[in-house]
Structures are given as structure tokens and as C-alpha cells.
Amino acid sequence: MINTVLVIIEQSLLHLPLMFGAYISFSLLKVPDLSIETAYVFGAITGSQLLGAQMPIGLLLAVIIISSLVGGALVGFVASMLTQKGMFPHLLSSIITFGLFHGINQCISPAYVSLTAYGNPLTLCDVIPQHPELLMLLLIGIIITCGMYFLLRTQIGYAYAVYGNNPQFFSCYGISTSFVFISGVMLANALAGVSGYLFAQSNSFIELNMGLGKALLCITALILGKAVVRTQKPFSILIPLAGTFAYFTLQQVLLKVGFNLQYFTAVQALLVLSVLLHTYRNKSARCGTDNLGV
């Protein structure tokens, strides 16, 4: 039982930056930012390029995380610039960005890369033998959660939520709508890049298609988070936290009862479908700007 709980916590921590990124783009900005799947892979690649560098392991981990942040942010910059300057719908921008970076990824990395030949910086605080990465993942998760908490209390955090409800609001007050949108998408993708590296390092491999399905994962978890956390506030950091934990708890429960996780994607889709069918029966929900239901 204890080991199952530790597995849930560890899996939640691996995906927590991705979930925060999805919360910014999907829930606050309310844009179909599928480029987070591309950023997830590119962040893993850019971060892993520094493995084996000769420096103290703590400093190495910090530099790697910064590198994965930059890699993910670059994906977000390309996608958001296509939307704002090219005047494309963001869904189309995300698809174009996927194509561009899929080619770039193939140029700079093989389809499958094993990381077993390098030391694992996540084992810096190896206290629990069965879960040597857990404490370092917990530390990273706490830092990112605190950063997200303070971000959402700033003007830019409120600006993301305002954009999701009324993108034209800023033009009435001389505020750059492009800055709000581009910075939000870049931050969301940067966080996705960190999760990509953490997942790759924990599993000791990078695979160019490992980002597929992450958008559905995020939507499912955010829907679960909103079901668990009932709040009247325009946004709450508890939603991605609770949603991530609920998602991996559900996954482990299904695994324990013998469910074949090969079909878990179908379970996610059915869960999202059932919630959206219930939500969109409300006329006001259909008239809103929340295109992703989260």
C-alpha cells in the first residue's frame, strides 16, 4: 500500500510541471495549445544534451532544468508567434509547430536515446532505496508550485485569466494583448519541457513520440481537478495539484484491479466525453469561450 502511494506521488511529481503549463494555456488562456506535446519532447532533448557535463551534480541538475525550460519556451515562442503575427488559429499554429520541431528533433536526436550511460542527477538525494528520485522530484515540485502560486498572485497571472474570458479586454486599455498571449504560451510550454526531461531521466530514455497523448492526459487531469476542487475563484493552484494526484490515483486503482492499461487512453477519452456531455447541456456553457471544457 505504501509503495503504491509513493508511486502515485512520484508519477504526479514527474507530470506536475506539465500540468501547471496546461493549466495556464488550457484553463486560463483557454487556447487549444497542443504544442505542449512538442515542447515536452524538445525540452527532454535539450535538457539531456547536457548530461555527462563535468560539473557538480547539483549545479548540473539546475543547468539541465534551465535548458529544458528554454527548449520548451522556444517551442511556445514559435507557436505563439505564428498565431499572433501570422494571424493563424492557434490550433493550426500548434500543428505547424509540431511539424517543424519533429523535423528538428530528427536532425539532432535519434528516434530512441538511452540515458543509462549517464549518471542520474535526480538521485542526488537518494534516501528511499526503492524510490531514489523521490526527494529530488519533491524539491523540484515544491519550487515550481511556489513559483506558480506567486505568479498567479501577480498582475500577469490575472492577465492570463482575463485573456481567457475576454481577449479584447487589453486593447481597450492600451495593454499589449500579444505580450499576454505569447508570454503565457511560452511559460506553459517551458513547464512542459521540464516535465519532458524529468520523465525521460526517470525512465532513462528519450523517444521522439513520447509526447503523444499528453494533451489528453492534461485535459483529463484538469477535469478531475475541477471536480475535486470546488471554488468560486477565477483560478486556483489546487486544481492542477488535485487533478494530477487524482489522475494517477485512478490509474493505479485500475492497475490494481487488473485493468489492462493499454486501454487507459480510451478510459480518459470516455471520462472527458461524459463530463463534457454533462457540462455542455447547460446553454451558458455552450455560449462560453471554454473550448476545452477545463
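Whatever comes next refers back to the structure up there.
Every chain is numbered independently, its residues counted from 1 as its sequence is written. Owing to the predicted nature of the model, reporting of local features is limited to residues with pLDDT of at least 70; listing and counting of side-chain atom pairs is limited to 80 or more, with chain, interface and lining totals taken over all residues. To obtain the side-chain values, all non-hydrogen atoms of the structure were included, while hydrogens and water were left out.

A. Inspection of the overall build of the protein chain at higher detail. In DSSP terms, a helix is any run of H or I states spanning at least four residues, a strand is any run of E spanning at least two, and both are numbered starting from the N terminus. Scanning the protein chain for helices and strands turns up 11 helices and two strands. Helices (α) and strands (β) of the protein chain occur, in sequence order from the N terminus, as α-α-α-α-β-α-α-α-β-α-α-α-α. Its C-alpha atoms give the protein chain principal-axis dimensions of roughly 55 × 45 × 35 Å. Working definition: with a 1.4 Å probe on protein chains only, accessible area under 20% of the residue-type maximum means buried, over 50% means exposed, and in between means partly exposed. Classification of the 294 residues of the protein chain by burial places 48% in the buried group. Considering only contacts within the protein chain whose residues lie at least 6 apart along the sequence, 74% involve residues at least 24 apart. In the structure as shown, the protein chain presents an accessible area of about 13900 Å², 68% of it carried by carbon and sulfur atoms. Between two residues, a contact is recorded if the distance between any of their heavy atoms is within 4.5 Å. All accessible-area figures derive from a Shrake-Rupley calculation using a 1.4 Å probe, and residue coverage is judged against the displayed protein chains alone.

B. Expanded view of unusual backbone geometry. Residues other than glycine seldom take positive phi values, yet Met 87 does so here, at roughly 60°. Mapped onto the elements, Met 87 comes out in the loop between α3 (57-84) and α4 (90-108). Look at Met 87 and you get exposed, because its relative accessible area is 67%.

C. Molecular detail of the nonpolar core. What makes a nonpolar core is a set of buried Ala, Val, Leu, Ile, Met, Phe, Trp, Tyr and Cys residues whose side-chain atoms join them at distances within 4.5 Å. Among the nonpolar cores identified, the biggest contains 77 residues, and Tyr 23, Ile 24, Phe 26, Ile 140, Met 148, Leu 198 and Leu 222 are the most heavily contacted of them. With 13 residues, helix α1 (residues 2-28) is the largest single contributor of residues to this core. Aside from chain neighbours lying at most four places away, what touches Leu 198 is Leu 13, Leu 14, Pro 17, Leu 122, Leu 137 and Ile 140.

D. Broad picture of helix α2 (residues 35-48). What a helix is expected to span follows from its residue count: subtract one and scale by 1.5 Å. If you check α2, its first and last C-alpha atoms are 20 Å apart, about what 14 residues at 1.5 Å a residue would give, namely 20 Å. α2 sits mainly inside the fold: 14 of its 14 residues count as buried.

E. Region of interest: the packing of α1 against helix α5 (residues 134-151). Axis definition: a line fit to C-alpha positions, over the contact stretch in the case of helices; interaxial angles, taken between N-to-C directions, run 0 to 180 degrees. Following both chains from N to C, one finds α1 and α5 inclined at 30°, their axes separated by 10 Å at the closest point. The orientation of α1 with respect to α5, classified from their angle, is roughly parallel. The element α1 and its partner α5 pack so that their crossing is left-handed. The segment α1 lies against α5, with Leu 6, Ile 9, Glu 10, Leu 13, Leu 14, Leu 16, Pro 17, Phe 20, Tyr 23 and Ile 24 engaging Leu 134, Leu 137, Leu 138, Gly 141, Ile 144, Thr 145, Met 148 and Leu 151. Basically, the charged four are Asp, Glu, Lys and Arg, the nonpolar ten are Ala, Val, Leu, Ile, Met, Phe, Trp, Tyr, Cys and Pro, and anything else, Gly included, counts as polar. Class assignment of the residues belonging to the contact of α1 with α5 gives a composition of 15 nonpolar, two polar and one charged. What sets the label is the angle itself: under 35 degrees gives roughly parallel, over 145 gives roughly antiparallel, 65 to 115 gives roughly perpendicular, and the rest give oblique. By definition, turning the near helix anticlockwise from the far helix through less than a right angle yields a left-handed crossing, and turning it clockwise yields a right-handed one.

F. Broad picture of the side chain of Ser 25. Relative to the elements of secondary structure, Ser 25 occurs in helix α1. Residue Ser 25 is classed as buried on the basis of its relative accessible area, which comes to 0%. Sequence-distant contacts of Ser 25, defined by excluding residues within four places in its chain, comprise Lys 30, Val 31, Asp 33, Ile 36 and Ala 188.

G. Molecular detail of a nonpolar patch on the surface. Taken together, the side chains of Leu 34, Phe 88, Leu 91, Leu 92, Ile 95, Ile 96 and Leu 100 present a nonpolar region at the surface, about 550 Å² in accessible area. Position of Leu 91 relative to the elements: it lies in helix α4. In this scheme, patches are assembled from residues that exceed 30% relative accessible area and form no salt bridge. Like charges are connected within 9 Å, while nonpolar side chains (Val, Leu, Ile, Met, Phe, Trp, Tyr) are connected within 5 Å. Criterion for a salt bridge: a side-chain nitrogen of Lys or Arg within 4 Å of a carboxyl oxygen of Asp or Glu.

H. Spotlight on the state of the cysteines. Cysteine sulfur pairs qualify as disulfides if the two atoms are within 2.5 Å. Tallied over the full model, the rule gives zero disulfides. The thiol sulfur of Cys 125 is not disulfide-bonded, and the nearest other cysteine sulfur, from Cys 146, lies at 17 Å. A residue is classified by how much of its surface remains accessible, and Cys 125, at 31% relative accessible area, is partly exposed.

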